[in-house]
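Geometric and topological summary
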Amino acid sequence: MKHPDDDHERFNELFDRLEAELAADSRPDSGGEVVDLDKARSARSESADPTARPDTDGSADPERGGSGAESGDPTARRMVDQPTPTATGPGYLGRLAGARRRAVVPVWLRSTAELRTASAWVARHYAHAAGYHALRAPVYAARLAFQAPTGAVRFIGGTARWVADREGEPVRLAAVRREDAAEYLKLSRQRDGRVRLRTLVTVLAMFVGLGLALALYVLAPDWLQAVSVGAVVLALGAAGRKADAPVIHRAVELPKAVKLTSDIVLRALGALGIPAINQAQSKGRDGFEFTAPITRDGPGWRAEGNLPYGVTVTDVIERRDRLASGLRRPLGCVWPEAVPDEHTGHLVLWVGDQDMNKAKKPAWPLLKSGSVDLFKPVAYGTDQRGRWIEVTLMYIAGIIGAIPRMGKTFLLRLLLLIAALDPRAELHTYDMKGTGDLDPVGNAVSHRHAAGDDDEAILYALNDWRALREELRRRTKVIRSLPRDICPESKVTSALADKRSLGLHPIVIGVDECQVIFEHPEHGKEFEEIGTDLVKRGPATGIVLLLATQRPDAKALPTGISANASARWCLKVMGQLENDMVLGTSAYKRGVRATMFAWGDKGIHYFVGEGSDARIVSSVYVDAPGADTIAARARRTREKAGLLSGYALGEAPEPVASGYDLLADILAVVPADEPKVWSETVVARLAELREDVYSGWDPEGFAAALKPHGVSTIQVGRRIKGKVVNRRGIDRSHIVAAIAERDGNRDAG
């Protein structure tokens, strides 16, 4: 139905437009005509089209110029909207072809796992209720027996009041107070008739009841007499129960959640303080267009629709606390979401029956048994609807960010436990916080493990990272040497990881509080260079780097690393900068905001990965004893397969190549008469000098190794066959200057 204010707004719009045209056409030499406003108003009242101009009448005299659209005058103003609508866009069949069809069979019924889970929950619910009441049946019977005398008194009293027609007494007394004799006599006769009839019924019932009781006493067997007496006693006990003391208690306390209705949703949206919504509702409109009925979706309700023009889902997400207040639901139950393939004003509102961080989660399949193939998805948490969310730890580099005490370390440990359940995986775990949170994994299965931020732990980690960079280079050579039919995509596969002779087993590196190593005053740059290399080239070679930090800024997460990490886990953060550092640039603007999580939402985070858009996930909670149990199971599996190594076996790290100085070696292979040399030439000469150290180096790795020393490669041009060829190389004077600065710093120390 057209709202009255719509016509008023359209008239005002037309009036303003006509005044603007009048002002424009009144300029000298404009070539336009003066518009008669009275004529315009009358035309507005006669035309249903609010944009129609009085001079667009097709029957107008052509000598007067007709409409602006028909005039040949190039200065004539033309209306944008057409006076008569024309068919635009796809036709009926086109709209049908592009229609989005809803599933006939619901998702939970198509999924065997979800159907099995739902059936198991229902079966356990009723089995629990039956067992609960069966065990307490004697208690229920005793309560009813004690209440039977009270019930007998209530029964006799109620029967007497019914026979005497006590329910009509207030009406008769009212007639007496009004001194209405006729009305009182009428009610008295009615009462006398009722009493006679009810007395007769009561006397007959007494004789029938006494006769039936005597017959049962004389003729019925003992068991029937016991059942009859018991039934009467229980019935009288039920009649004598107190309202505040029920005989039978609830076996299961079901969550009491109000059904979500359109009125509740509109009320909540109106409480957000968004002008466009409030303006629409003040004019009698809804301010929200429901595009689908409100339905049950898992353990909650789902509402979907379009916000007013200019209002985005982000505007609603920013006011999630107000939305929860308007819905009268806990904050952890209210989850507004955007739909990736829809416009930014299309809102999906999911309202759970229980707070997400308090709702009971299904048992984690890997908690007590099972193994993992890191090349396949593994469940690690549930979404708001209680559905499992999976992660594939291979071919990724991951970042976990959060403020302290939100579950960041527990999430990293969970991912490392998943990796530990693949016996082929080689784990390198570093707890730079030093509290021992990663010790369950490190002590049981890790090939390399350290805790703390002292010099010994930092050097231990640095030597391991140097060895990992060399391992990365070795793996690239192995992959390059494999036939195409065995390694068609030039990356490690599960089948290749099974071949121990190739040494392409998965390597998973987990670092908690990674800002400690990246901000180290002496070795931070080298950690950054190696980490960047591992993030960029590691996934294809089977090396996975997982970094967790409570300071997600540019220093704690270097840009080269954060820009190339494909998996992101972001728990609660405080601002837009931290949010985008973890979840990616412009995530905050797209409505993916980990700032909306409450302080009680521990373990709840946004997950970006697995080829999908950001999802809200509540990770599985595994405490320290549970982590010890899972790690011990992983250790036993590795021992049986003969794959336990390194720190878990008590083995010391293999000695890394030492006793060499990169800058000094460069000067040794680059004489003074060669001021500028290509990097590939320097690398080849270094490999001849120290094959055990520099074998396998390439120009990119050479440039990365120079950066910690403050030296960068430059463009070096050489004339070959009359043409100048430019490649990356070094300036020998830069090497000399770096050595002088370093030695000077050492002397100063």
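Since we're looking at a predicted model, the values are computed, not measured.

**What about the overall build of the chain?**
Within the chain one finds 26 helices and 17 strands. For the chain, buried positions account for 40% of its 749 residues. The contacts of the chain with a sequence gap of at least 6 include a subset with a gap of at least 24, amounting to 67%. Looking at the chain as shown, the accessible area adds up to about 41,600 Å², and 56% of this sits on carbon and sulfur atoms.

**Description of the packing of aromatic side chains**
Considering all chains together, one arrives at 11 aromatic pairs under this definition. For the pair Phe288 and Phe290, a centre-to-centre distance of 4.9 Å together with 85° between the ring planes defines the contact as edge-to-face. A relative accessible area of 5% places Phe288 in the buried class. The exposure class assigned to Phe290 is partly exposed, which follows from its relative accessible area of 26%. Between the aromatic rings of Trp465 and Phe527, the centroid separation amounts to 5.4 Å while the plane-to-plane angle is 80°, which identifies the pairing as edge-to-face. Here Trp465 is found in helix 15 (residues 455–481), whereas its partner Phe527 is found in helix 18 (residues 524–537), with 62 residues between them in sequence. What links up through ring pairs into an aromatic cluster is the set Trp335, Phe597 and Tyr606.

**Focus: the sheet that holds strand 16 (residues 714–720)**
The strand order across the open sheet built from three strands is 15-17-16, with neighbouring strands paired in antiparallel fashion. Of all strands in the sheet, those with a lone pairing partner are strand 15 (676–678) and strand 16, marking the two edges. The sheet shows a mean angle of 60° between the axes of neighbouring strands, direction not considered. Note: strand 15 against strand 17 (residues 723–731), three bridges, orientation antiparallel. Each residue of the ladder has a partner; that of Lys676, found in strand 17, is Asp731.

**Focus on the environment of Ile248**
Positionally, Ile248 belongs in the loop between helix 8 (222–239) and helix 9 (262–270). Taking relative accessible area as the criterion, Ile248 reaches 51% and is therefore assigned exposed. On a C-alpha basis, the gap between Ile248 and Tyr140 in space is 6.5 Å, while along the polypeptide they are 108 residues apart.

**Details of the sheet that holds strand 2 (residues 300–306)**
If you trace the four strands from one edge of the open sheet to the other, you get 1-2-4-3, paired in antiparallel fashion. The open sheet terminates on both sides in strands that have one partner only, identified here as strand 1 (289–296) and strand 3 (334–338). Going across the sheet, the axis of each strand differs from the next one's by a mean of 15°, ignoring polarity. Of the pairings in the sheet, the one linking strand 1 to strand 2 comprises five bridges and is antiparallel in character. By the bridge assignment for strand 2, Phe290 is matched with Gly305. Packing against the sheet, helix 9 makes contact with strand 1, strand 2 and strand 4 (346–352), and its axis sits at approximately 125° to strand 1. Strands in contact with helix 12 (residues 320–327) are strand 3 and strand 4; relative to strand 3, the strand with the most contacts, it is inclined by about 125°.

**Examining the side chain of Thr382**
Here Thr382 shows up in strand 5 (residues 378–382). Not counting residues up to four positions away in its chain, the partners in contact with Thr382 are Met356, Lys361, Pro362, Arg387, Trp388, Ile389, Ile616, Val617 and Ser618.

**As for a negative patch on the surface**
There is a patch of like negative charges on the surface, built from Asp453, Asp454, Asp455, Glu456 and Glu522. If you trace the backbone, Asp454 turns up in the loop between strand 9 (448–451) and helix 15.

**Side note on the pairing of strand 9**
Of the pairings in the sheet, the one linking strand 8 (residues 426–431) to strand 9 comprises four bridges and is parallel in character. From the neighbouring strand, Asp431 faces strand 9, where its bridge partner is Ala451. Crossover handedness for the path strand 8 to helix 14 (residues 439–445) to strand 9: right-handed.

**What about the packing of helix 9 against helix 12?**
Two elements in contact, helix 9 and helix 12, have axes whose closest approach is 8 Å; the angle formed by their N-to-C orientations is 140°. By the angle between their directions, the pair helix 9 and helix 12 is classed as oblique. Handedness of the crossing formed by helix 9 with helix 12: right-handed. Judged by residue contacts, Ile264, Val265, Arg267, Ala268 and Leu269 of helix 9 engage Leu323, Gly326 and Leu327 from helix 12. Its residues assigned to classes, the contact of helix 9 with helix 12 shows six nonpolar, one polar and one charged.

**Points about unusual backbone geometry**
Although it is not a glycine, Arg405 sits at a positive phi angle of roughly 70°. Counting through the fold element by element, Arg405 comes out in the loop between strand 7 (398–401) and helix 13 (408–420). What makes Arg405 exposed here is its relative accessible area of 70%. With phi around 70°, Ser586 is a residue other than glycine that occupies positive phi space. Within the fold, Ser586 resides in the loop between helix 20 (576–583) and strand 13 (604–609). Ser586 gets classed as partly exposed once you look at its relative accessible area, which sits at 30%.

**A few points about the side chain of Asp297**
Its location among the elements puts Asp297 in the loop between strand 1 and strand 2. Among the residues examined, Asp297 registers a relative accessible area of 17% and is labelled buried. Within the local environment of Asp297, its side chain forms a polar contact with the side chain of Arg385, the two groups lying 2.7 Å apart. Excluding anything up to four places from it in sequence, Asp297 contacts Arg302, Trp350 and Arg385.

**Focus on the nonpolar core**
With 69 residues, the main nonpolar core has Leu323, Leu327, Trp465, Ile509 and Val511 as its most contacted residues. At eight residues, helix 15 tops the list of elements feeding residues into this core. Discounting residues that sit within four places of it in the chain, Val511 has contacts with Leu412, Tyr430, Met432, Trp465, Ile517, Leu546, Leu547 and Ala548. Grouped together as the second largest cluster of nonpolar side chains are 56 residues, Val378, Ile479, Leu482 and Val622 included.

**Overview of the pattern of salt bridges**
A side chain of one charge can pair with a side chain of the opposite charge when the charged atoms of the two come close. A complete count under the given rule lists 30 salt bridges for this structure. As a salt-bridge pair, Glu513 and Lys408 come within 3.0 Å of each other at their nearest N and O atoms. Within this pair, whereas Glu513 is found in the loop between strand 10 (507–512) and helix 17 (515–518), its partner Lys408 is found in helix 13, the two being separated by 105 residues in sequence. For the pair shown, Glu513 and Lys408 are each scored as buried. A salt bridge links Arg727 to Glu680, with the shortest nitrogen-to-oxygen separation between them at 2.4 Å. Of this pair, Arg727 sits in strand 17 while Glu680 is found in helix 23 (residues 679–689), placing the two residues 47 residues apart along the sequence. Beyond isolated ion pairs, a larger network of salt bridges with shared partners links Asp165, Glu167, Arg172, Arg194 and Arg198.

**Points about a nonpolar patch on the surface**
Residues Val104, Val105, Leu109 and Leu115 make up a contiguous nonpolar surface patch of about 350 Å² in total accessible area. With respect to the secondary-structure elements, Leu109 resides in helix 4 (residues 107–110). Taking the relative accessible area as the measure of exposure, Leu109 reaches 41% and is therefore partly exposed.

**Remarks on the packing of helix 13 against helix 21 (residues 624–641)**
Put simply, helix 13 and helix 21 touch, their axes get as near as 9 Å, and they point 20° apart. By the angle between their axes, helix 13 is roughly parallel relative to helix 21. Judged by the sense of rotation from one axis to the other, the crossing of helix 13 with helix 21 is left-handed. Taking contact as the criterion, the partners of Arg413, Leu417, Ala419 and Ala420 in helix 13 are, on helix 21, Ala624, Ala627, Ile630, Ala631, Ala634 and Arg638.

Here is what the cut-offs are and how they apply
Residues numbered from 1 in each chain as written. Predicted model: local features only at pLDDT ≥ 70, side-chain atom pairs only at ≥ 80, totals over all residues. Heavy atoms only, no water. Helix = DSSP H or I, 4+ residues; strand = E, 2+ residues; numbered from the N terminus. Buried < 20%, exposed > 50% of the residue type's maximum accessible area, 1.4 Å probe, protein only. Contact = heavy atoms within 4.5 Å. Areas by Shrake-Rupley, 256 points an atom, 1.4 Å probe, with all protein chains shown as cover. Phe/Tyr/Trp six-rings, centres within 6.5 Å; stacked < 30°, edge-to-face > 60°. Pairing = 2+ DSSP bridges. Axes fitted to C-alpha atoms, helices over the stretch in contact; angles between N-to-C directions. Patch = residues over 30% accessible without salt bridge, like charges linked within 9 Å, V, L, I, M, F, W, Y side chains within 5 Å. Salt bridge = Lys/Arg side-chain N within 4 Å of Asp/Glu carboxyl O. Lys, Arg positive; Asp, Glu negative; His and termini not counted. Charge placed at Lys NZ, Arg CZ, Asp CG, Glu CD. Right-handed = clockwise from strand over helix to strand, strands pointing away. Parallel < 35°, antiparallel > 145°, perpendicular 65-115°, else oblique. Left-handed = near helix turned anticlockwise from the far one by under 90°. Nonpolar A, V, L, I, M, F, W, Y, C, P; charged D, E, K, R; others polar. Polar contact = N/O pair within 3.5 Å; in protein donor to acceptor, adjacent residues only side chain to side chain. Core = buried A, V, L, I, M, F, W, Y, C linked by side-chain atoms within 4.5 Å.

None of the figures reported here should be taken as evidence of function without further support.
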